[in-house]
Each structure stands twice: as C-alpha cells, then as structure tokens.
Amino acid sequence: MKRILKWAGLAVSLIALIVGGFALFIQLRSMPKFDVSVPDITVQSTPERIARGRHLAMSLCAECHRHPTTRTLSGTQMLDLPEQFGVAFSKNITNHPTKGIGSWKDGEIIWLLRTGIHPKTGLYVPPWMPKFVHMSDEDLQSIVAWLRSDDPIVAATDQDNTASTPSWFAKFLVTVAFKPFDYPKTAIAQPDTTNLVSYGKYLATGVYDCYACHSADIATMNQLEPEKSPGFMGGGTQMLDVNRNPMYATNITFDKTHGIGSWTEGQFIVALRDGFRPNGAPIRYPMPRGVHMSELELRAMYAYLQTVPVSAKANVPSYAYTPASGSTAGEKAYHAYGCVNCHGATGVGYGDLRLADKKYPDDTTLISVIRNVRTYYPESTMPVWDGHVKEDDYASLAAHVRRLGK
Ligand code: HEC
Ligand code: HEC
Ligand code: HEC
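Computed from a prediction, not measured in an experiment: that's the story for all the values here. (Residues numbered from 1 in each chain as written. Chains lettered and ligands numbered in written order. Predicted model: local features only at pLDDT ≥ 70, side-chain atom pairs only at ≥ 80, totals over all residues. Heavy atoms only, no water.)

Caption draft 1: Region of the structure containing the site of ligand 1. Every one of the 21 residues lining ligand 1 counts as a neighbour, but Cys-61, Cys-64, His-65, His-118 and Met-129 are closest to it. Taking His-118, its side chain carries an N or O atom lying 2.6 Å from an oxygen atom of ligand 1. Measuring from an oxygen atom of ligand 1, one finds a side-chain N or O atom of Ser-164 at 2.7 Å. Taken together, the elements giving at least two residues each to the shell around ligand 1 come down to helix H3 (62-65) and helix H4 (106-115). Its residues placed into classes, the shell around ligand 1 shows 16 nonpolar, 4 polar and 1 charged. (Near = heavy atom within 4 Å. Polar contact = N/O pair within 3.5 Å; in protein donor to acceptor, adjacent residues only side chain to side chain. Helix = DSSP H or I, 4+ residues; strand = E, 2+ residues; numbered from the N terminus. Nonpolar A, V, L, I, M, F, W, Y, C, P; charged D, E, K, R; others polar.)

Structure representation (structure tokens):
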C-alpha cells in the first residue's frame with residue numbers, strides 16, 4: 001500500500017516536473033522555428049497585375065495593416081484579438097527599406113504568405129496573420145506586384161514596428177495545434193472565372209476565406225480542405241468587436257429560416273458591399289466590408305453558397321449594446337446603428353473618432369461626413385449611412401461624436 005502511494009507520489013511529482021518543464025520551455029522560447037526555402041521568383045510587374053493586386057489586397061491586407069493616421073500599410077494594433085492570446089501588432093509592409101518590406105525579395109513575401117514561416121527568422125508567424133494556401137500563383141504574384149508599386153498606400157513609411165507579445169496560451173497553441181503549411185509542390189492555376197460556382201468556391205474558401213469565420217469554430221477549421229471544416233458556413237464562431245464584446249458569425253448557408261436562403265442575389269450584393277441586411281439592419285464589425293469586391297466576385301460567391309449543404313443551425317445572438325439609462329439620444333443612436341462596434345465606446349477603435357471634433361468644426365460638414373464618408377475617403381469601409389440613418393438622428397450622432405473628442 002505504502003509502496004503504491006510512494007509510486008503514485010513520485011508519478012505525480014514527475015508529471016508536475018514534466019508539465020512545469022514543458023510550460024517553461026514554451027514560455028522561454030519564442031515561436032517554433034522551421035527551415036526556410038525561399039522560392040526563386042521575381043514577379044514581373046504589369047499594369048494588370050498591379051490593378052488586380054490592389055483589388056485583392058485592399059480587401060485582404062488593408063484592414064489589418066493600414067494605420068489610421070499614416071493611411072499606409074505601416075501596421076497597427078489588432079484591437080479585436082482575444083486577451084488570452086496576448087497583444088498583437090501587424091507590421092509595416094510598406095516599401096520602406098528597413099522598417100517595411102522594401103528590401104525583401106519577391107519570393108520571400110510569397111514564401112511567408114503561403115507557409116506562415118518568416119523568411120528572415122524561420123519563426124512561425126502566428127495565426128492572427130492569415131496564410132493563403134489555395135490562392136492561385138497569379139493572384140499571389142499580383143498582390144506582390146502591387147506591394148512593390150508606387151501606390152501611395154504602400155509608399156515607404158518611416159514607422160517602427162511594435163513587437164507582438166503572444167501569451168503563454170498562444171505559444172502553447174502554436175506549439176501543439178497550429179502548424180505552418182508546406183510550400184506547394186505544383187503550380188496553383190487561376191480558376192475559370194466563367195464558371196460562377198467554381199469561381200465562387202475559390203473566392204469563398206481560398207481568397208476571402210468566408211468559411212474561416214462562418215463555420216463552427218476557428219480552432220476546428222480545416223485550412224487544407226475548407227469544405228471539411230465542421231459546421232461549414234453554418235456560423236457560430238465567436239469573435240470580438242473592437243470593445244472586445246462577443247460577436248458571432250451567422251449561418252450563411254441557404255437555410256430559409258436561419259441562413260440566407262430567402263435572400264436574392266441583389267440583396268446579397270448590397271449586404272456585402274454596402275453592409276446592410278435586406279431588413280435594413282447594419283451588418284456589424286468584424287464582418288469585413290466588400291467595398292472592393294467586384295460584381296462578378298459577389299455573384300460568384302452567391303452562386304457557390306447556393307451549392308453548399310444547408311445547415312439548420314440557429315444563430316447565436318451577438319452582444320447587444322444597451323446604453324445606460326439617462327444616456328443621450330446621440331449615445332443611443334451610436335449604439336443602435338453599430339457605430340460602437342467599429343469606433344469603440346470611447347471613439348478609439350477602427351480609426352480614432354476623437355479627432356473628428358477638431359477636424360470638422362462645423363456641424364454641416366461633420367454630418368455630411370457621417371452621411372457619406374466616401375465623399376472624403378472614396379475607398380472607406382465605413383457604410384454610407386445616407387438613407388439608413390433617420391434624418392432626425394444625424395444631429396444627435398454628430399453631438400455624440402463631438403463629446404467623444406472632448
Ligand atoms: C487579420 C489581420 C491580418 C491580415 C488580414 C493580414 N495580416 Fe499580415 N500580419 C498581421 C500581423 C498581426 C502580423 C505580425 C505577426 C506577428 O505578430 O509577428 C503580420 C505580419 C505580416 C508580414 C511580416 C512582416 C515583417 O516585417 O515581419 C507580412 C509580409 C504581411 N503580414 C503581409 C500581409 C499581406 C500581404 C496581407 C494580405 C494579403 C496580410 N499581411 C494580411 C495581420 C494581418
Ligand atoms: C472576420 C470574420 C468574417 C469573415 C472573414 C466573413 N464574415 Fe460574414 N459575418 C461575420 C460576422 C461576425 C457577422 C455577423 C455580423 C452581425 O451580427 O451584425 C457576419 C455576417 C454576414 C452576413 C449577414 C448574414 C445574416 O444572417 O444577416 C453575410 C451575408 C455574410 N456575413 C457573408 C460573408 C461572406 C460571403 C464572406 C466572405 C466574402 C464573409 N461573410 C466573411 C464575420 C465574418
Ligand atoms: C464598419 C465600420 C464602421 C462603422 C459601423 C462606422 N464607421 Fe465611421 N468610420 C469607419 C472608418 C474605417 C473610418 C475612417 C475613414 C477611412 O479611413 O476610411 C470612419 C470614419 C468616420 C468619421 C470621420 C473621422 C475622421 O477622422 O475623418 C466619422 C465622423 C464617423 N466615422 C462616424 C461614424 C458614425 C456616427 C457611425 C454610426 C452611424 C459610424 N461612423 C459607423 C468605420 C466605421
């Protein structure tokens with residue numbers, strides 16, 4: 001009996017030692033390290049490639065890499081990263097030779113985007129920077145051609161990188177769960193854009209990665225075979241808005257009750273491009289805005305989603321903002337229209353709304369900015385509110401924006 005106890009005691013302390021040692025091992029090292037074998041690719045820049053690359057990257061890279069003040073891809077904080085993963089900053093990927101990626105070889109950028117292994121250090125780039133396993137070689141090269149172009153958005157910007165500080169949990173996950181991808185052994189061809197369904201599948205699972213958010217859970221998504229992800233397109237993944245309140249991606253299969261089975265193609269296009277549901281309700285952050293997507297791309301994704309097996313899963317309600325009693329009409333409207341999901345409760349979020357008070361001193365201008373921000377920033381992902389916000393609400397919204405800046 002005693003002997004068994006002794007052994008049991010020893011086993012427990014051994015386990016503690018192993019677990020403790022492993023924890024320390026993860027804590028001490030940075031990200032796991034891998035071999036680097038950069039492909040020998042020099043991208044030929046053509047006007048067509050630059051245009052295509054811009055079109056893709058404005059949807060795929062700008063949301064995370066664009067700094068609200070420099071307005072270039074000079075890097076910014078990932079405000080909606082759950083706290084248990086630590087703190088992350090995207091990097092300066094402008095053409096600055098030392099602070100950006102101006103001196104990287106084309107093949108180094110492609111290597112990173114395909115595998116998730118940093119070409120300079122061999123370290124695994126954590127899951128909050130996406131990897132593009134299924135994107136065609138042509139589309140990937142187009143993105144690189146654009147990153148190298150003289151577009152002001154990628155102009156060399158003298159902004160230092162801030163290091164990300166992944167938590168123990170994040171390092172643990174990338175040690176045991178997330179792995180880099182093999183560099184493709186064969187060429188990945190451009191899909192046939194005349195076949196709407198197959199082009200839509202390519203876009204929804206290989207480019208814009210709708211399934212990554214819209215399936216059951218980010219942790220169980222299958223990046224190599226996206227359609228095998230549990231709960232594919234049936235929604236349920238929890239994410240956070242900029243105030244770190246829980247938001248759930250919805251069911252976008254063609255189920256008539258819980259999905260988008262009753263939406264017309266036109267309604268789907270409005271939802272993605274303009275950000276409003278058929279009933280007029282705004283589709284809130286972090287659902288990305290498809291302002292840069294083409295009509296053909298949107299029609300193709302609609303055609304493809306119609307072929308996805310229907311899921312009858314009910315949507316999980318996202319965090320509902322209930323402004324404190326006694327809050328002003330402006331504050332109530334700011335919550336009701338979902339301004340708060342992007343701009344944050346204090347105005348600090350996706351951009352810094354506190355600056356608007358000084359920037360637009362008279363109310364006529366401020367209201368016209370809120371009404372249609374694209375007359376000021378033609379490519380903004382902020383919805384055009386004209387026709388969606390009640391006329392009576394503009395003055396109180398403007399007053400609330402001013403209060404945030406004071
Ligand atoms: C969801 C947010 C997100 C998106 C979308 C995104 N990135 Fe990143 N990216 C990051 C973060 C965060 C890092 C820093 C990772 C780390 O913590 O080390 C990063 C790092 C990088 C780096 C490494 C730079 C360096 O100096 O180490 C490159 C290059 C890069 N991203 C390019 C791109 C390109 C090109 C796109 C679009 C095709 C893109 N990223 C899309 C978040 C994102
Ligand atoms: C970063 C995660 C993310 C990605 C990527 C994403 N979505 Fe969403 N999507 C969401 C969230 C969260 C919502 C819910 C927003 C809300 O409740 O207001 C949503 C809502 C929607 C809706 C509204 C559905 C409804 O029930 O009202 C549609 C349609 C939609 N997404 C389609 C797409 C398509 C198509 C793609 C790919 C082009 C995509 N989404 C990519 C997170 C994402
Ligand atoms: C989907 C996210 C999103 C939502 C929702 C949103 N905005 Fe914005 N807003 C932005 C972005 C992004 C910008 C910055 C313009 C740019 O860089 O494209 C912006 C800019 C602004 C500006 C101008 C700020 C400046 O410094 O020039 C004002 C004012 C503003 N928003 C008010 C509002 C109000 C009021 C609401 C709600 C009715 C709202 N926004 C909803 C994303 C959003």
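The structure having been displayed, the exposition proceeds.
Caption draft 2: Main features of the nonpolar core. Ranked by internal contacts, the top residues of the largest apolar core, which has 54 residues, are Leu-60, Leu-147, Tyr-208, Met-233 and Met-301. Contributions of two or more residues to this core are made by helix H2 (47-60), H4, helix H5 (137-147), helix H7 (196-207), helix H8 (210-214), helix H9 (265-274) and helix H10 (295-305). Each of two domains, domain 1 (47-176) and domain 2 (196-305), supplies a minimum of three residues to this core. In this structure Met-233 touches Ala-204, Cys-210, Tyr-211, His-214, Ser-215, Thr-250, Asn-251, Ile-252, Thr-253, Tyr-304, Leu-305 and Val-308, once residues within four positions along its chain are discounted. (Core = buried A, V, L, I, M, F, W, Y, C linked by side-chain atoms within 4.5 Å. Buried < 20%, exposed > 50% of the residue type's maximum accessible area, 1.4 Å probe, protein only. Domains from an automatic or database assignment. Contact = heavy atoms within 4.5 Å.)

Caption draft 3: Here's a closer look at the site of ligand 3. Around ligand 3 there are 18 residues in total, and Cys-339, Cys-342, His-343, Tyr-360 and Met-382 lie nearest to it. Within the side chain of Tyr-360, one N or O atom sits 2.4 Å away from an oxygen atom of ligand 3. Taking Ser-380, its side chain carries an N or O atom lying 2.7 Å from an oxygen atom of ligand 3. Looking at the shell around ligand 3, the elements with two or more residues in it are helix H12 (339-343) and helix H14 (363-371).

Caption draft 4: Expanded view of unusual backbone geometry. The amide bond that connects Tyr-285 to the next residue, Pro-286, takes the cis arrangement and shows omega of 10°. Along the chain, Pro-286 falls in the loop between H9 and H10. Phi angles above zero are rare outside glycine, and Asp-209 is one such case at about 45°. By secondary structure assignment, the location of Asp-209 is in the loop between H7 and H8.

Caption draft 5: Structural context of the coordination of the iron atom of ligand 2. Listed as protein donors to the iron atom of ligand 2 are His-214 (NE2) and Met-287 (SD); their distances from the metal cover 2.0 to 2.1 Å. Between the 6 donor atoms coordinating the iron atom of ligand 2, the angles at the centre fall across 88 to 179°, so the site counts as octahedral. Taken together, the positions of His-214 in helix H8 and Met-287 in the loop between H9 and H10 put the pair 73 residues apart, joining distant regions of the chain. (Donors = N, O, S within 2.8 Å, 3.2 Å for Na, K, Ca; no water. Tetrahedral: all angles 85-135°; square planar, octahedral: opposite > 155°, others 65-115°.)

Caption draft 6: Up close: the coordination of the iron atom of ligand 1. Within the protein, the iron atom of ligand 1 binds to His-65 (NE2) and Met-129 (SD); these donor distances fall in the range 2.0 to 2.1 Å. One way to put it: the 6 donor atoms around the iron atom of ligand 1 meet at angles of 87 to 180°, and that makes the site octahedral. With a gap of 64 residues between them, His-65 in helix H3 and Met-129 in the loop between H4 and H5 connect regions that are remote in the sequence. Just as His-65 is buried, Met-129 falls in that class too.

Caption draft 7: Quick peek at the packing of aromatic side chains. Applying the stated criterion across every chain yields a total of 11 aromatic pairs. Each ring, one from Tyr-199 and one from Tyr-202, has its centre 6.4 Å from the other, and the planes form 15°; the classification is stacked. Of the two residues, Tyr-199 and Tyr-202 are both situated in helix H7; the distance of 3 residues between them amounts to about one turn of the helix. Clustering of aromatic rings is evident, with ring pairs tying together Phe-254, Phe-268 and Tyr-302. Its guanidinium or amino end placed over the ring of Tyr-377, Arg-71 lies 4.0 Å from that ring's centre, counting from NZ or CZ. Note that Arg-371 overlies the ring of Tyr-394, its terminal NZ or CZ placed 4.3 Å from the centroid. (Phe/Tyr/Trp six-rings, centres within 6.5 Å; stacked < 30°, edge-to-face > 60°. Lys NZ or Arg CZ within 6 Å of the ring centre and 35° of its normal.)

Caption draft 8: Fine view of the confidence of the model for the protein chain. In this model, the protein chain carries a mean pLDDT of 91, and residues with pLDDT of at least 70 account for 93%. pLDDT under 50 marks residues 1-10. Its contacts with residues more than four places away, or in other chains, come to 0 contacts. (pLDDT = per-residue confidence, 0-100.)

Caption draft 9: View of the side chain of Thr-205. In this fold, Thr-205 is placed in helix H7. Judged by relative accessible area, Thr-205 falls into the buried class, the value being 7%. A polar contact of 2.6 Å, which involves the side chain of Thr-205, links it to the backbone oxygen of Lys-201.

Caption draft 10: Region of interest: the environment of Asp-35. Within the fold, Asp-35 resides in the loop between helix H1 (2-28) and H2. Between the C-alpha atoms of Asp-35 and Val-310, which are 275 residues apart in sequence, the distance is 41 Å. In this view, Asp-35 contacts Trp-111 and Ile-117; residues no more than four positions away in its chain are not counted.

Caption draft 11: Just the domain arrangement of the protein chain, in detail. With domains assigned, the protein chain is organised as domain 1 (47-176), domain 2 (196-305) and domain 3 (329-404). Distance from the C-alpha centre of domain 2 to the C-alpha centre of domain 3: 26 Å. Contact with domain 2, which involves 14 residues of that partner, is made by 18 residues of domain 3. When the two sides are added together, the surface that domain 2 and domain 3 hide from each other amounts to roughly 1,200 Å², 63% of it contributed by carbon and sulfur. Summed over the three residues of domain 2 that lose the most area to domain 3, namely Phe-276, Tyr-285 and Arg-289, the buried surface amounts to 39% of that side. (Buried area = accessible area lost by both parts, 1.4 Å probe.)

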